[in-house]
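Chain by chain, the residues run as shown.
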Amino acid sequence: MLETLAAGAVGLGAASFLLIGAAIGWLMQVPTGVVAGVMAFGAGALISTLAYELVGEAHAVGGLAPTIGGFLAGAVIYVLADLALARQGARARKRSIALQSAPGVHAAPVVPAASAGVGLAVAIGALLDGVPESLVLGLSIADGGAVSIPMLVAVAVSNVPEGLSSAAGMKHEGRSARYVFGVWGGIMLVSGVAAMLGFALLSGASPEVVAVVTTIAAGGIMAMVANTMIPEAFAADRSLTGLWAALGFALAFALYQLG
């Protein structure tokens, strides 16, 4: 029971960076380039963690077929869900409001909250992005008895620009502070529950089952990075996105090797 609660606390801790980002986005006007840099850094860290810690270790314990099957299934599930959300206005959920309204940038239009539920779609999109990450954090505790530090760092860093840009977008729609922070607080709680489920449901499961579930989550995260984080960071800052992503990758790899 204590370990399940610990997994939930880890999920809450990582998701709290969404709330931190939302507070920054609500109170300050952060330059688009800074948002893009943090997003690219987080994307690189997530890719490194997927490659070395999630998919690699899932293959080591579960074999090739469950690993590849789970990874591709997770990517397909994410892409289909993302397409559905894009129709509701959540395609640009990781973009700053400045970038969304910049000339020449093809993004979902920002419309009043009363006529379209863009803010709600953004929040649901954040859940789509965050639940696989939280499941993996819970799984890391179930699998090894301790939280994956590289994964925790990667998720925390990638959460900041999402909370920041989405909160700025909701504010632009005319949403109240109570609504914005209520939404992000709810997402944080759901992420904590997802981490608890990741631990509780798979603690003691067979290596093949753990490999499949881990890689389903990993495939979803990979699709999220490719569909949203890197393209939107690149759209804001074409010159430094690759460098920030490489730095994030290097940091996560170093943490994995040192751990």
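Residues numbered from 1 in each chain as written. Predicted model: local features only at pLDDT ≥ 70, side-chain atom pairs only at ≥ 80, totals over all residues. Heavy atoms only, no water.

Under an unreviewed UniProt entry, the name given to the chain is ZIP family zinc transporter, and the source organism is Microcella frigidaquae.

### Examining the packing of aromatic side chains
With the rule as written, the count across this model stands at four aromatic pairs. Between Tyr-52 and Phe-249, the ring centres sit 6.0 Å apart and the planes meet at 70 degrees, which makes this aromatic pair edge-to-face. Residue Tyr-52 is located in helix H2 (residues 32-62), and its partner Phe-249 is located in helix H9 (residues 241-258); the two are separated by 197 residues in the primary sequence. Classification of Tyr-52 by relative accessible area gives partly exposed; the value is 33%. With relative accessibility at 29%, the residue Phe-249 sits in the partly exposed group. A cation over a ring is seen here: Lys-171 above Trp-26, with NZ or CZ 5.1 Å from the ring centre. (Phe/Tyr/Trp six-rings, centres within 6.5 Å; stacked < 30°, edge-to-face > 60°. Helix = DSSP H or I, 4+ residues; strand = E, 2+ residues; numbered from the N terminus. Buried < 20%, exposed > 50% of the residue type's maximum accessible area, 1.4 Å probe, protein only. Lys NZ or Arg CZ within 6 Å of the ring centre and 35° of its normal.)

### Observations regarding helix H7 (residues 177-202)
Here H7 contains 26 residues, and its C-alpha end-to-end distance of 37 Å stays within 8% of the 38 Å for a straight helix at 1.5 Å per residue. Backbone geometry just after H7 places Gly-204 at a positive phi near 90 degrees. (Expected span 1.5 Å × (residues − 1).)

### Quick notes on the packing of H2 against H9
The N-to-C vectors of H2 and H9 enclose an angle of 40 degrees; their axes lie 6 Å apart at closest approach. Here H2 lies oblique to H9, going by the angle between them. For the pair H2 and H9, the crossing hand works out as right-handed. Seen from H2, the contacting residues are Gly-37, Ala-40, Phe-41, Gly-44, Ala-45, Ile-47, Ser-48, Thr-49, Tyr-52, Glu-53 and Glu-57; seen from H9, they are Thr-241, Trp-244, Ala-245, Leu-247, Gly-248, Phe-249, Leu-251, Ala-252, Phe-253 and Tyr-256. Looking at the contact of H2 with H9 residue by residue, the class counts come to 13 nonpolar, six polar and two charged. (Axes fitted to C-alpha atoms, helices over the stretch in contact; angles between N-to-C directions. Parallel < 35°, antiparallel > 145°, perpendicular 65-115°, else oblique. Left-handed = near helix turned anticlockwise from the far one by under 90°. Contact = heavy atoms within 4.5 Å. Nonpolar A, V, L, I, M, F, W, Y, C, P; charged D, E, K, R; others polar.)

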